[in-house]
Amino acid sequence: MYIETFSQMKKQLGQMEKWLETAATFAKTKSFDPNIFLGFRLAPDQLPFSRQVQIACDSAKLAASRLTGKEAPSHPDTEQTLEQLSARIRSVIAYLDGFSARDFEGAAERSITQPRWEGKTMTGANYFLEHAVPNFFFHITHVYALLRHNGVNVGKADYLGALSLRAP
């Protein structure tokens, strides 16, 4: 279950990088600085676009790290351009490429915690299903929605990416 879901997260991160490329092209055709996307929000109390990308990346890498015990790469949240955000995405994909199904052996029973949980824990299985997966998709969907809301031509097919369709 874990390796398949992380494969999907890698795919979605790759799709998100394509959206950033589409956003940069859109900005160029409209003659504005593509990096203004980094500050966009859907609501005043929402984290900006750049943080949505950063948190989507962190959600994937930290989930893999917590479930396997392997150290995650550090990203200081200092990206100021779409290209820097793309580099972060590529870094996380490369990190996730380093895992195999064997790395996740025992992950379901592992005790998971993080600082904001104030000492509370979850099993790896509950953490993965109740927190890691929904959190990842929450933030990646906000990246998509912010681009759509601001006129970037991305659609459902861009969100889903290539499907494993076969002729009957």
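Residue indices begin from 1 for each chain and proceed along its sequence in written order. Note on the predicted model: pLDDT of at least 70 is required for a residue's local features to be given, and 80 or more for side-chain atom pairs to be given and counted; whole-chain, interface and lining totals, by contrast, use all residues. Just so you know, side-chain values use all the structure's heavy atoms and leave hydrogens and water out.

K.L.:
What is the right way to look at the overall build of the protein in this model?
P.N.:
Only runs of H or I of at least four residues qualify as helices and only runs of E of at least two qualify as strands under DSSP, and these elements are numbered from the N terminus. From N to C terminus, the protein includes five helices and two strands. When the helices and strands of the protein are listed from N to C terminus, the series reads α-α-α-β-β-α-α. The C-alpha atoms of the protein give a radius of gyration of 17 Å, which matches the 15 Å a tight globule of 168 residues would have. When the backbone C-alpha atoms are referred to their principal axes, the protein occupies close to 50 × 50 × 25 Å. Within these notes, the globule rule equals 2.2 Å times the number of residues to the 0.38 power, and the radius of gyration is based on C-alpha atoms.

K.L.:
Hey, could you run me through a nonpolar patch on the surface in this one?
P.N.:
Patches in this entry comprise residues that are over 30% relatively accessible and not in a salt bridge; like charges within 9 Å are linked, as are nonpolar side chains (Val, Leu, Ile, Met, Phe, Trp, Tyr) within 5 Å. Shrake-Rupley sampling with a 1.4 Å probe provides the accessible areas, and residues are treated as covered by the protein chains on show and by no other component. Each salt bridge in this description consists of a side-chain nitrogen of Lys or Arg and a carboxyl oxygen of Asp or Glu lying within 4 Å of one another. Where nonpolar side chains cluster on the molecular surface, the patch consists of L160, L163 and L165 and spans about 320 Å² of accessible area. Within the secondary structure, L165 is located in the segment after α5 (156-160).

K.L.:
I'm lost on unusual backbone geometry in this one. Help?
P.N.:
Of all residues except glycine, most have a negative phi; of all peptide bonds, most are trans. Look at S31: it is not a glycine, yet its phi comes out positive at around 60 degrees. Looking at the secondary structure, you find S31 in the loop between α1 (2-29) and α2 (49-68).

K.L.:
How should I be thinking about the pattern of salt bridges in this particular structure?
P.N.:
A side chain of one charge can pair with a side chain of the opposite charge when the charged atoms of the two come close. The full count for this structure, using the stated rule, is nine salt bridges. K61 is paired through a salt bridge with D58; the nearest N and O atoms lie 3.4 Å apart. Of the two residues, K61 and D58 both sit in helix α2, three residues apart, roughly one turn of that helix. Via salt bridges that share partners, R51, D58, K61, D77, E79 and R88 belong to a single interconnected network.

K.L.:
Whenever I open this one, the packing of aromatic side chains confuses me. Can you help?
P.N.:
Aromatic ring pairs are described here by two measures, namely the spacing of the ring centres and the angle between the planes. What counts as a ring pair is set by centres within 6.5 Å for rings of Phe, Tyr and Trp (its six-membered ring), and what kind of pair is set by the plane angle: stacked under 30 degrees, edge-to-face over 60, tilted for all other angles. In total, this model carries 15 aromatic pairs according to the counting rule given. Measuring from centroid to centroid gives 5.4 Å for F37 and F40, while their planes differ by 70 degrees, and the two rings are edge-to-face. The rule is simple: take the accessible area with a 1.4 Å probe, protein chains only, and divide by the maximum for that residue type; under 20% is buried, over 50% is exposed, in between is partly exposed. Under the relative-accessibility criterion, F37 is labelled buried at 1%. By relative accessible area, which is 22% here, F40 ends up partly exposed. Plain terms: the ring middles of W117 and Y127 are 6.0 Å apart, the flat faces sit at 65 degrees to each other, and that makes the pair edge-to-face. Highlighted residues: W117 in the loop between β1 (111-112) and β2 (122-123) and Y127 in helix α4 (residues 124-149), separated in sequence by 10 residues.

K.L.:
Help me understand the nonpolar core in this model?
P.N.:
Buried together is how nonpolar side chains tend to be arranged in soluble globular proteins. With 46 residues, the main nonpolar core has F6, L13, M16 and F49 as its most contacted residues. When contributions to this core are tallied by element, the ones reaching two or more residues are α1, α2, α3 (82-97) and α4. We call two residues in contact whenever any of their non-hydrogen atoms come within 4.5 Å of each other. Here L13 is in contact with A56, C57, A60, I89, V92, I93, L96, F136 and I140, once residues within four sequence places are set aside. Only buried residues count toward a nonpolar core. Its members are Ala, Val, Leu, Ile, Met, Phe, Trp, Tyr and Cys residues joined through side-chain atoms within 4.5 Å.

K.L.:
Can you help me understand the side chain of H131 in this one?
P.N.:
When you line up the elements, H131 lands in helix α4. Polar contact is defined as a pair of N or O atoms within 3.5 Å, subject to the rule that within protein one atom must be able to donate a hydrogen and the other to accept it, and that residues adjacent in sequence are counted only when both atoms are side-chain atoms. A polar atom in the side chain of H131 sits 3.3 Å from the side chain of Q114. In this structure H131 touches Q114, R116, W117 and N126, once residues within four positions along its chain are discounted.

Taken by themselves, the reported measurements are silent on function.
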